[in-house]
Number of protein chains: 2
Amino acid sequence: MAADPSDLESVYRAYVDALNGRRFDDLGRFVQDRLAYNGDPRSLAQYRALLEEDVRVVPDLRYEIDDLVVAGDRVAARLGFDCHPSGVLLGVPVDGRRLVFAEHVFYRFDAGRIVDVRSLIDVETIRRQSASFTE
Amino acid sequence: MAADPSDLESVYRAYVDALNGRRFDDLGRFVQDRLAYNGDPRSLAQYRALLEEDVRVVPDLRYEIDDLVVAGDRVAARLGFDCHPSGVLLGVPVDGRRLVFAEHVFYRFDAGRIVDVRSLIDVETIRRQSASFTE
């Protein structure tokens, strides 16, 4: 299945399915060989390593698309996470307790593949939930 | 000028212009009487008070649209801020020093006016910049 640049919503949903299925070998279908991640240049291999590290820290990581806005070469997604990170996340010892938080992420596609990612994670909510662990 | 629901990009840009022009009396043209802000119900008056408080804390607040994705009744915006908050922001004594940070915000419109806002601010960057003040 080749990525069809005329239907970025389908491409993006297939990308998220690949992440949730841990099919990292398929990433090249959805991501360019060179991209920018929050303004920093990254190779596909580096981007893959970042995503794999997320799964190492959060074994039950699942990307839920709560909102999706697609226009032209742009995709904006509001992602929801309900997960149990192992060990330390953002300097906080989570140790398998439950965290529920959002990510707001903007993508630019080139020829049907991601070439730019701008991500914000709701760190405040993670910190607040983590603080409640020790209350 | 009435908001035209068929052209949400123009409506959104006019809304941002109103904010930058501090024309809070015009907010009702762009925002429904009842809305949800990050999941919490708010009246237009409460939403206006929130926006006015932002300007009180950040007198030179200016909303720059760095990226905009519009489809159906949805608008997703990546906003950039380059400002000098007075006093304390997020518990940090900024005291007029410069902060540069982003907001990723998703809106849902009803009949051409905002009815739902989901906002994430790059608090990590604000904290990092604030920490550098005292280094």
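Residues numbered from 1 in each chain as written. Chains lettered and ligands numbered in written order. Predicted model: local features only at pLDDT ≥ 70, side-chain atom pairs only at ≥ 80, totals over all residues. Heavy atoms only, no water.

To continue, consider the overall build of chain A. Summing up its helical and strand segments, chain A has three helices and eight strands in all. For chain A, the sequential pattern of α-helices and β-strands runs α-β-β-α-β-β-β-β-β-β-α. Against the 2.2 N^0.38 benchmark of 14 Å for 135 residues, chain A shows a C-alpha radius of gyration of 15 Å, consistent with a compact globule. Looking at chain A residue by residue over its 135 residues, the buried ones come to 45%. Considering only intrachain contacts with a sequence separation of at least 6, the fraction spanning at least 24 residues in chain A is 53%. Entry remark: accessible area of chain A is about 6600 Å², with carbon and sulfur atoms responsible for 47%. In chain A, which carries 18 positive and 24 negative side-chain charges, the distance between the mean positions of the two groups comes to 2 Å. (Helix = DSSP H or I, 4+ residues; strand = E, 2+ residues; numbered from the N terminus. Rg over C-alpha atoms; globule rule 2.2 N^0.38 Å. Buried < 20%, exposed > 50% of the residue type's maximum accessible area, 1.4 Å probe, protein only. Contact = heavy atoms within 4.5 Å. Areas by Shrake-Rupley, 256 points an atom, 1.4 Å probe, with all protein chains shown as cover. Lys, Arg positive; Asp, Glu negative; His and termini not counted. Charge placed at Lys NZ, Arg CZ, Asp CG, Glu CD.)

Moving on to the side chain of Glu103 of chain B. Inspection of the secondary structure assignment puts Glu103 of chain B in strand S7 (residues 99–110). Leave out the neighbours within four places in its chain, and Glu103 of chain B touches Leu120 of chain A together with Ala77, Arg78, Leu79, Phe81, Ser119, Leu120 and Ile121 of chain B.

Before going further, it helps to examine the pairing of strand S3 (residues 64–71) of chain A. Residue and element names in this part refer to chain A. Bridge analysis of S3 against strand S4 (residues 74–83) gives seven bridges, and the strand direction is antiparallel. Note on S4: the bridge partner recorded for Ile65 is Leu79. Counted along the chain from S3 to the antiparallel partner S4, the turn is two residues long, and its residue Gly72 has a positive phi close to 60 degrees. (Pairing = 2+ DSSP bridges.)

Here the focus is the relation of the copies chain A and chain B. Between the two copies of the chain lies a relationship made up of a rotation around an axis and a movement along it. Note on the copies: chain A fits chain B at an RMSD of 0.0 Å, the axial shift is 0.0 Å, and the rotation between them is 180 degrees. Read as a symmetry element, the transformation amounts to a two-fold axis. Mapped onto chain B, 100% of the interface residues of chain A are again interface residues, and the two copies thus contact each other with one and the same surface. (Least-squares fit on C-alpha atoms with pLDDT ≥ 70 in both.)

With that out of the way, let us pick up the sheet that holds strand S2 (residues 40–43) of chain A. Residue and element names in this part refer to chain A. Strand order in the open sheet formed by six strands is S2-S1-S8-S7-S4-S3, and the pairing between neighbours is mixed. Two strands in the sheet have a free side with no partner beyond their single neighbour: S2 and S3. The sheet shows a mean angle of 25 degrees between the axes of neighbouring strands, direction not considered. Sheet analysis places S4 next to strand S7 (residues 99–110), joined by ten bridges and oriented antiparallel. Bridge pairing in S7 places Cys83 opposite Leu99. Across the sheet, helix H1 (residues 8–20) touches strand S1 (31–37), S3, S4, S7 and strand S8 (113–121), and the angle it forms with S3 is around 150 degrees. The strands touched by helix H3 (residues 123–133) within the sheet are S7 and S8, with S7 carrying the most contacts at an inclination of about 160 degrees. (Axes fitted to C-alpha atoms, helices over the stretch in contact; angles between N-to-C directions.)

Turning to the interface of chain A and chain B, a few remarks are in order. Each side of the interface is counted separately: chain A has 21 residues, and chain B has 21 residues. Here chain A meets chain B over a buried area of about 1800 Å², counting both sides, of which 67% is carbon and sulfur. Where chain A meets chain B, there are four salt bridges. Among the ionic pairs, Asp67 of chain A bridges to Arg74 of chain B, the shortest N-O distance being 2.9 Å. Inspection of the chain A/chain B interface yields five residue pairs in polar contact (both at pLDDT 80 or more). Broken down by secondary-structure element, the contributors of at least two residues to the side of chain A that touches chain B are S3, S4, S7, S8 and H3 of chain A. (Buried area = accessible area lost by both parts, 1.4 Å probe. Salt bridge = Lys/Arg side-chain N within 4 Å of Asp/Glu carboxyl O. Polar contact = N/O pair within 3.5 Å; in protein donor to acceptor, adjacent residues only side chain to side chain.)

Now for the confidence of the model for chain A. Detailed conclusions should not be drawn from predicted coordinates in areas where pLDDT is low. Residue and element names in this part refer to chain A. Summing up the model confidence of chain A, the mean pLDDT is 92 and the portion of residues at 70 or higher is 94%. In this model residues 1–5 is a low-confidence stretch, pLDDT under 50, and it forms eight contacts with partners more than four residues away in sequence or in other chains. Interface predicted TM-score (ipTM) for the complex: 0.91; the corresponding pTM is 0.92. (pLDDT = per-residue confidence, 0-100.)

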